[in-house]
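Report on the structure
Here are the chains, one letter per residue:
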Amino acid sequence: MELPPLLFLSFCFLTLSGLTFAAESGTPVARVTVKEDADAILPCSLGTSETIESMVFDWKKDGKQVFTYNNGTHHNNDLEDQSAEFKGRVSHFTEELKNGNASIKITDTRLEDKGNYICIFPKSQSGDIRFHIELAVGAAEPSVTNLDQTNDWALLKCVVKGASPKPTVEWWDSNNQTIPSEEPQVSKKGERFYVTLKTNVTKTDRYHCVATQKEIWHQAHTEINVRLNEPNTGLIVAVAGLAVVLAVVVVGILVWCYFKNKKKRQEETESPLRETENQH
Ligand SMILES: *[C@@H]1O[C@H](CO)[C@@H](O)[C@H](O)[C@H]1NC(C)=O
Ligand SMILES: *[C@@H]1O[C@H](CO)[C@@H](O)[C@H](O)[C@H]1NC(C)=O
Ligand SMILES: *[C@@H]1O[C@H](CO)[C@@H](O)[C@H](O)[C@H]1NC(C)=O
Ligand SMILES: *[C@@H]1O[C@H](CO)[C@@H](O)[C@H](O)[C@H]1NC(C)=O
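Residues numbered from 1 in each chain as written. Chains lettered and ligands numbered in written order. Predicted model: local features only at pLDDT ≥ 70, side-chain atom pairs only at ≥ 80, totals over all residues. Heavy atoms only, no water.

A short note on the state of the cysteines
Selection criterion: Counting rule for disulfides: a pair of cysteine sulfur atoms within 2.5 Å. Only DSSP runs of H or I reaching four residues or more are called helices, and only runs of E reaching two or more are called strands; each is numbered from the N terminus. Accessible area is worked out with a 1.4 Å probe on protein chains only. A residue is then buried under 20% of its type maximum, exposed over 50%, and partly exposed in between.
Summed over the entire model, instances satisfying the criterion amount to two disulfides. Between the sulfur atoms of cysteine 44 and its disulfide partner cysteine 119 the distance amounts to 2.0 Å. The sign of the S-S torsion, about -75 degrees, decides the handedness of the disulfide formed by cysteine 44 and cysteine 119: left-handed. On the criterion of sequence distance, the pair formed by cysteine 44 in the loop between strand S3 (40-42) and strand S4 (56-61) and cysteine 119 in strand S9 (residues 115-124) is long-range, its members being 75 residues apart. With respect to burial, cysteine 44 and cysteine 119 carry one shared label: buried. Once the disulfide-bonded cysteines of the protein are ranked by sequence position, their pairing pattern turns out to be 1-2, 3-4.

Considerations on the sheet that holds strand S16 (residues 205-213)
Sheets are built from strands that pair by backbone hydrogen bonding, the pairs being arranged parallel or antiparallel. Quick reminder of the rule: Being paired, for any two strands, means DSSP has found at least two bridges between them. A fitted line through C-alpha atoms serves as each axis, taken over the contacting stretch for helices, and the angle formed by two N-to-C directions is quoted from 0 to 180°.
Ordered by their spatial adjacency, three strands build an open sheet running S13-S16-S17, and the pairing between neighbours is antiparallel. Sheet topology places strand S13 (168-172) and strand S17 (218-226) at the edges, where each strand pairs with a single neighbour. Direction aside, the axes of adjacent strands within the sheet are offset by 15 degrees on average. One ladder, built from nine bridges, connects S16 with S17; its direction is antiparallel. Bridge pairing links threonine 212 to glutamine 219 in S17.

Overview of the environment of lysine 198
Counted only if it meets this: Here, residues are in contact when the closest pair of their heavy atoms is within 4.5 Å.
Along the chain, the position of lysine 198 falls in strand S15 (residues 192-201). According to the relative accessible area criterion, lysine 198 is partly exposed, its value standing at 25%. Taking the C-alpha atoms as reference points, lysine 198 and glutamine 185, separated by 13 residues in sequence, lie 9.0 Å from one another. Non-local contacts of lysine 198, meaning those with residues more than four positions away in its chain, are made with Leu147, Leu156, Lys157, Trp171, Ser181, Glu182 and Gln185.

Structure follows, in structure tokens:
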């Protein structure tokens, strides 16, 4: 699959940081992408580097209370109206409050955590300020193994487990060209996809297994080096050298035979003369 360069760049950026910002109808939106069961940091900051220790900030998702902080009280100490699905799974960064940082961490993300979050400063100096953060859970992460190898080929396996949405999985060579592979084996449990893709390679190279989930702007690579004892240049040079030596020897023998025959024939044509001379 070929990606337009720009799209590809943004994929690369995503792979590096897991976080990107995009302007959507004038509202800055941060996008965070994580594997299921990984922790997710949802970023939010007033950007003024003023302390927010005595302020209020509120995280919501679809109207549900994700996390509230109010002048030192919050959902992990005295506040009580936190939505059950987030209980004990969300924390803020106490040390970061003095830098105006209201980011939160959700531990052990589940597929159900995906969606749109809002970070709200309801009583800031400039009034109600909101930030939109989109969380995608289920990022594909390929793992690769060399199943079997001979001098001439290697059988590589790529496995992507529990990805959501369904990833496209491909094998690429070191030039980022898709190489032929077997039919992918795909299974599905609930919303999670499990993909296995094997390829039989016959060249020494660095191969990548690439999993792409366009819907969540995610692409991840895992690479594997394969070294095969192909008919290498050393062997080719040796064989060629031997062939040249053989050719020289054969030609030498032929030339020697030719001249020897010629001499013999000369002797044969000369000897009758000599015989007649002798007869005189
Ligand atoms: C924050 O709480 C402290 C007491 O812990 C109180 O003195 C202060 O007035 C409160 N600040 C705001 C803005 O509510
Ligand atoms: C806010 O704190 C989090 C957690 O330490 C960190 O990852 C993030 O970069 C901080 N954001 C800013 C704008 O400093
Ligand atoms: C292949 O893609 C990666 C990014 O995924 C890039 O760093 C690398 O330079 C590319 N290689 C070639 C040969 O285009
Ligand atoms: C890989 O390909 C080679 C030749 O293309 C073939 O001889 C070999 O049996 C294949 N290996 C597997 C495991 O399919």
